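# Descriptive structure summary
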Amino acid sequence: MQGIFLDDEGVKPFITEELYEKTLKKVEKAHEMLEKKNGKGKDMLGWLELPTNRDEEEIAKIKVAADKIQKQADVFVVIGIGGSYLGAKAIIDLFDDTFANLKTYAERKHPQILFAGNNLSGKYLRNLVEYLEDKDFAINVISKSGSTLEPAVTFRTLKILLEQKYGEVSAASRIYITTDPEKGILHDLAVKNEYEMFKIPRNVGGRYSVLTAVGLLPMAVANINFEDILDGAQFASFVFNNKDVSNNDCYKYALYRNILKESGKDIEILTSYEPSFQYFVEWYKQLFGESEGKDGKGIYPSGANFTTDLHSMGQWIQDGTRNIFETVLNIQVDRSLIYLPEVEDNFDNLNYLAGKEIDYINKQAYKGTYKAHIDGNVPTMVIHMEDVTEYNVGQLIFFFEKACAISGYVLGVNPFDQPGVEAYKKNMLNLLKENKEEEKE
């Protein structure tokens, strides 16, 4: 059952027939390139088959490891940066209690899950070490190459802490590695020390890896039914493979965003009225930013958390430079069932809302903002999700991954490489090595 739908009524007034027909041909060509696997980055299309051609042996390993982690650790630290943590963090935030990490293990029913290795802040790492010193913890290090500096620095630090607490042998049973299945620093280290190892398929890039062990192991530790997520993604892989754009919301979304770019709207703001979607927006930003931003091209992906950001960025979105368009994630069914109570003295003049669900009030904010933005020359698409279920979230993940690949091909770039990232990594490492040589002198 399709659980997500694209509403394009707020973008149609901004679309010209000429640009529609011109861009439609590019979308159809992009579809053919994915189908025939003959486009740029053709060797990195493994993500297309992850929901359907599942590695059942790996899935079974993940379940066993998750059960082991839940029994051995009060805290589970996921070490990774970019695509190595954003997808897992996004999905855990969607399904966990907002304040899960402030609750006891018995209340959560799974270890506290912390994310590290995504910055080079000394304060952050110091605070993490101090927090973990008296906790039973395990770590999952995620890096395809094993050489990315941020997770490598954190792993070295926490590996030493684990060995000091438990000894080398017991510490090894608390270290889980997710990396290249054949080679690399982490692969070799896992083999040498007999760390449990999970694989990132060689034909799947980091930002497309959430449906591999990269995302599935942390999800399993958090008691999230990741097989339902895979089922939803599998359904989406069929539904969103229709070459007929008029019957394919995923392709339609890619089509519209590229038409808008040609019209001078080169910034997309992905918004949600649910704070739990904050990291889903961060995942989207990396997915589209690394995939499209190259060769002097790309639609700049940004995000906002409404209604919160309406009180900071709302003025700019409504009345600033008109080079933006908006995509809203709207959740149709809310299950919190919390109502605004009535008070006798009506001290805040809100009794006219008494008895209304808070979600009803939130939805009116969404509808009012939607109309205001369109009136303010901000084209707005809405992706409606019927309910936040694992199955629907799986559809949403695949929707964005497929749309990103199509959109990248429409732009004429390779959606599966990241030469700009490699450039700054190289400069950073060169500077660190130069400084080390100067210290020797």
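A short tour of the structure in this document, coming up. (Residues numbered from 1 in each chain as written. Predicted model: local features only at pLDDT ≥ 70, side-chain atom pairs only at ≥ 80, totals over all residues. Heavy atoms only, no water.)

### Quick word on the sheet that holds strand S8 (residues 300-305)
- Across the sheet, which stays open at both edges, the 5 strands sit in the order S1-S10-S9-S7-S8 with mixed pairing between neighbours. The open sheet has two edge strands with one neighbour each: strand S1 (4-7) and S8. Taking the axes of each pair of neighbouring strands and ignoring which way they run, one obtains an average angle of 20° across the sheet.
- In this fold helix H14 (residues 390-411) packs onto S1, strand S7 (267-272), strand S9 (324-331) and strand S10 (380-385), with an angle of close to 145° to the strand it touches most, S10. (Pairing = 2+ DSSP bridges. Helix = DSSP H or I, 4+ residues; strand = E, 2+ residues; numbered from the N terminus. Axes fitted to C-alpha atoms, helices over the stretch in contact; angles between N-to-C directions. Contact = heavy atoms within 4.5 Å.)

### Brief notes about unusual backbone geometry
- A cis amide bond links Phe306 with the next residue in sequence, Thr307, at an omega value of 10°.
- Along the chain, the position of Thr307 falls in the loop between S8 and helix H12 (314-319).
- Of note in the backbone geometry, Leu337 takes a positive phi value of approximately 50° without being a glycine.
- For Leu337, a relative accessible area of 54% gives the class exposed.
- The residue Asn346 is not glycine, and still its phi comes out positive at about 45°.
- As for its position among the elements, Asn346 is in the loop between S9 and helix H13 (358-375). (Buried < 20%, exposed > 50% of the residue type's maximum accessible area, 1.4 Å probe, protein only.)

### Overview of a negative patch on the surface
- Together, Glu342, Glu344, Asp345 and Asp348 make up a negatively charged patch on the protein surface.
- Judged by relative accessible area, which is 63%, Glu342 ranks as exposed. (Patch = residues over 30% accessible without salt bridge, like charges linked within 9 Å, V, L, I, M, F, W, Y side chains within 5 Å. Areas by Shrake-Rupley, 256 points an atom, 1.4 Å probe, with all protein chains shown as cover. Salt bridge = Lys/Arg side-chain N within 4 Å of Asp/Glu carboxyl O. Lys, Arg positive; Asp, Glu negative; His and termini not counted. Charge placed at Lys NZ, Arg CZ, Asp CG, Glu CD.)

### Looking at the pattern of salt bridges
- In this structure the tally under the stated criterion is 24 salt bridges.
- In this structure, Lys89 engages Asp93 in a salt bridge whose closest nitrogen and oxygen atoms are separated by 3.3 Å. Linking Lys89 with Asp93, this pair stays in helix H3 (residues 86-95), spanning 4 residues, or about one helical turn.
- Between Asp249 and Lys252 there is a salt bridge, and its shortest N-O distance comes to 3.8 Å. One end of the pair, Asp249, and the other, Lys252, are both in helix H10 (residues 249-262), 3 residues apart, so they sit about a helical turn from each other.
- Residue classification places Lys252 among the buried residues on the basis of a relative accessible area of 15%.
- Shared partners join several salt bridges into a network, and the residues in it are Asp8, Glu9 and Lys12.

### Quick look at the nonpolar core
- Ranked by size, the top nonpolar core spans 93 residues in total, and within it Trp47, Phe280, Trp283 and Phe400 carry the most contacts.
- It is H14 that provides the largest number of residues to this core, a total of 12 residues.
- Counting residues in hydrophobic clusters, the runner-up holds 23 residues, among them Val77, Ile79, Phe155 and Ile175. (Core = buried A, V, L, I, M, F, W, Y, C linked by side-chain atoms within 4.5 Å.)

### Describing the pairing of strand S3 (residues 112-116)
- Among the 5 residues that make up S3, 5 are buried, leaving the element largely enclosed by the rest of the structure.
- Side chains Gln112, Leu114 and Ala116 of S3 all project onto a buried face; the interleaved residues Ile113 and Phe115 project onto the opposite face, where all are buried too.
- Strand direction decides the pairing type here: strand S2 (residues 75-79) and S3, joined by 5 bridges, are parallel. Bridge pairing in S3 places Ile79 opposite Ala116.

### Quick notes on a positive patch on the surface
- Together, Lys22, Lys26, Lys40 and Lys297 make up a positively charged patch on the protein surface.
- Along the chain, Lys22 falls in helix H1 (residues 17-36).

### Digging into the sheet that holds strand S6 (residues 196-199)
- Here we have 5 strands laid out as an open sheet, ordered S3-S2-S4-S5-S6, and parallel in their pairing. At either margin of the open sheet sits one strand with a lone partner, and together these are S3 and S6. With direction set aside, neighbouring strand axes in the sheet form an average angle of 20°.
- Sheet topology places strand S4 (residues 137-142) next to strand S5 (residues 175-179); 4 bridges connect them, and they run parallel. From the neighbouring strand, Asn140 faces S5, where its bridge partner is Tyr176.
- Along the sheet face, helix H2 (residues 56-72) touches S2, S4, S5 and S6 and points at about 135° away from the line of S6.
- Across the sheet, helix H6 (residues 149-172) is in contact with S2, S3, S4 and S5; its angle to S4 comes to roughly 140°.

### Quick notes on the environment of Tyr176
- Here Tyr176 shows up in strand S5.
- With 188 residues separating them along the chain, Tyr176 and Gln364 place their C-alpha atoms 46 Å apart.
- The residues touching Tyr176, leaving out its near neighbours within four places in the chain, are Ala65, Lys68, Ile69, Gln72, Ala138, Ile139, Asn140, Val141, Glu196, Phe198 and Leu217.
- Looking at Tyr176, its side chain comes within polar contact range of the main-chain oxygen of Ser173, at 3.3 Å. (Polar contact = N/O pair within 3.5 Å; in protein donor to acceptor, adjacent residues only side chain to side chain.)

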